[in-house]
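# Structural overview for review
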Amino acid sequence: MPLSVPRILVIDDKEDDGIKIAKSVWDSQLAIRFIHYDQEELIKAGKENMRGVRLIFMDMNLIGDGILGSGSKNFTAVQQVLEFCLDARNGPYVLITWSTFDEYAPELFKHLNERLPVPLRPSLCKQLNKEDYEDGDGKLSEKVREFMQELEPIGALILWEKSIQYASCETLCELIDIALHSGME
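Here the structure is a predicted model, which is why all the values come from computation and not from measurement. (Residues numbered from 1 in each chain as written. Predicted model: local features only at pLDDT ≥ 70, side-chain atom pairs only at ≥ 80, totals over all residues. Heavy atoms only, no water.)

## What to know about the overall build of the protein chain
Looking only at helices and strands, the protein chain features six helices and five strands. Tracing the protein chain from N to C terminus, the helices and strands come up as β-α-β-α-β-α-β-α-β-α-α. Burial statistics for the protein chain: of 185 residues in total, 43% are counted as buried. Excluding contacts between residues fewer than 6 apart, the proportion of contacts in the protein chain whose partners are at least 24 apart in sequence is 75%. Taken as a whole, the protein chain presents about 10400 Å² of accessible surface, with 53% of it coming from carbon and sulfur. (Helix = DSSP H or I, 4+ residues; strand = E, 2+ residues; numbered from the N terminus. Buried < 20%, exposed > 50% of the residue type's maximum accessible area, 1.4 Å probe, protein only. Contact = heavy atoms within 4.5 Å. Areas by Shrake-Rupley, 256 points an atom, 1.4 Å probe, with all protein chains shown as cover.)

Laid out in structure tokens, this is it:
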């Protein structure tokens with residue numbers, strides 16, 4: 001199987017919560033990356049400049065002290081993570097908030113649209129309330145599948161890019177095989 005660029009990111013300060021989302025989409029066989037938010041660790045690691053990310057599940061309360069209203073430092077943390085992770089040439093993506101502070105999602109979306117550079121702004125924003133999916137009864141997997149079906153253009157783009165990447169890797173492997181065996185007769 002070829003190495004894949006992560007098409008889906010899950011960003012959360014609580015590993016258990018982030019893994020819930022990741023597990024719910026692993027069955028799709030799409031490249032998923034969980035990023036455990038820790039501001040100091042992210043600064044040490046350096047800017048990521050990822051391209052081709054199409055779907056981001058983002059906890060809104062990355063700092064862990066609750067959301068204290070409009071202009072919260074949590075909104076700035078989300079903005080900084082997006083600027084840290086995504087290259088300006090990433091292309092369109094959907095941002096899905098994943099939080100117990102779901103009522104603040106529209107304010108976050110407004111904050112991001114006002115402060116992120118245009119190429120880094122999400123094409124579409126959706127919301128998931130963590131509290132609705134705490135019991136682990138499969139509702140989260142159903143909701144993630146529902147989101148993927150609703151996002152037909154982005155979903156099509158994800159599958160198309162996956163197919164192109166796979167075909168490119170297969171072609172490269174075949175060329176290497178031909179090169180290795182061409183002089184062995």
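On we go from here.
## Some remarks on a nonpolar patch on the surface
A surface patch of nonpolar side chains, amounting to about 300 Å² of accessible area, comprises Leu172, Ile176 and Leu180. Structurally, Leu180 is set in helix α6 (residues 152-181). (Patch = residues over 30% accessible without salt bridge, like charges linked within 9 Å, V, L, I, M, F, W, Y side chains within 5 Å. Salt bridge = Lys/Arg side-chain N within 4 Å of Asp/Glu carboxyl O.)

## Focus on the environment of Gln79
Looking at the secondary structure, you find Gln79 in helix α3 (residues 73-85). As for Gln79 and Leu120, which are separated by 41 residues in sequence, their C-alpha atoms are 9.5 Å apart. Gln79 has contacts with His111, Leu112, Arg115 and Leu116, leaving out every residue within four places of it along the chain.

## Some thoughts on the nonpolar core
Ile11, Ile56, Met58, Leu82 and Cys85 are the most contacted members of the largest nonpolar core, which totals 28 residues. Elements with a minimum of two residues in this core: β1 (8-12), β3 (55-58), α3 and α4 (105-115). For Ile56, the contacting residues outside a window of four places in its chain are Leu9, Ile11, Leu82, Leu86, Tyr93, Val94, Leu95 and Ile96. The next biggest cluster of nonpolar side chains, apart from the first, holds 17 residues, and it includes Ile21, Val25, Val94 and Leu151. (Core = buried A, V, L, I, M, F, W, Y, C linked by side-chain atoms within 4.5 Å.)

## A few points about a negative patch on the surface
A surface patch of negative charge is lined by Glu103, Glu107, Glu131, Asp132 and Glu134. Note on placement: Glu107 falls in helix α4. Here Glu107 falls in the partly exposed class, since its relative accessible area comes to 31%. (Lys, Arg positive; Asp, Glu negative; His and termini not counted. Charge placed at Lys NZ, Arg CZ, Asp CG, Glu CD.)

## Comments concerning the sheet that holds strand β5 (residues 124-129)
As summarised here, the arrangement of the five strands in space is β2-β1-β3-β4-β5, forming an open sheet in which the pairing is parallel. Both edges of this open sheet fall to β2 (32-36) and β5, since each of them pairs with a single strand only. Going across the sheet, the axis of each strand differs from the next one's by a mean of 15°, ignoring polarity. Across four bridges, β3 lies against strand β4 (residues 94-99) in parallel orientation. Among the inter-strand pairings, Phe57 is bridged to a residue of β4, identified as Ile96. Each of β1, β2 and β3 touches α3; the most contacted strand, β3, lies at about 145° to it. (Pairing = 2+ DSSP bridges. Axes fitted to C-alpha atoms, helices over the stretch in contact; angles between N-to-C directions.)

## Remarks on the pairing of β1
For β1, the buried fraction is high: five of the five residues fall into the buried class. Of the two faces of β1, the one holding Ile8, Val10 and Asp12 and the one holding Leu9 and Ile11 are both buried throughout. In this sheet, β3 lies alongside β1 in parallel orientation, the contact comprising four bridges. The partner of Ile8 across the bridge, within β3, is Leu55.

## Concerning the pattern of salt bridges
Applying the stated criterion across every chain, the model contains seven salt bridges. With a closest N to O distance of 2.9 Å, Lys130 and Asp17 form a salt bridge. Of the two residues, Lys130 is situated in the loop between β5 and α5 (139-150) and Asp17 in helix α1 (residues 15-26); the sequence distance between them amounts to 113 residues. Here Glu114 ties to Lys110 by a salt bridge, and the two come within 3.5 Å at their closest N and O atoms. Pair noted here: Glu114 and Lys110 are both in helix α4, with a separation of four residues, about one helical turn. Residue class for Glu114 comes out partly exposed when judged on its relative accessible area of 49%.

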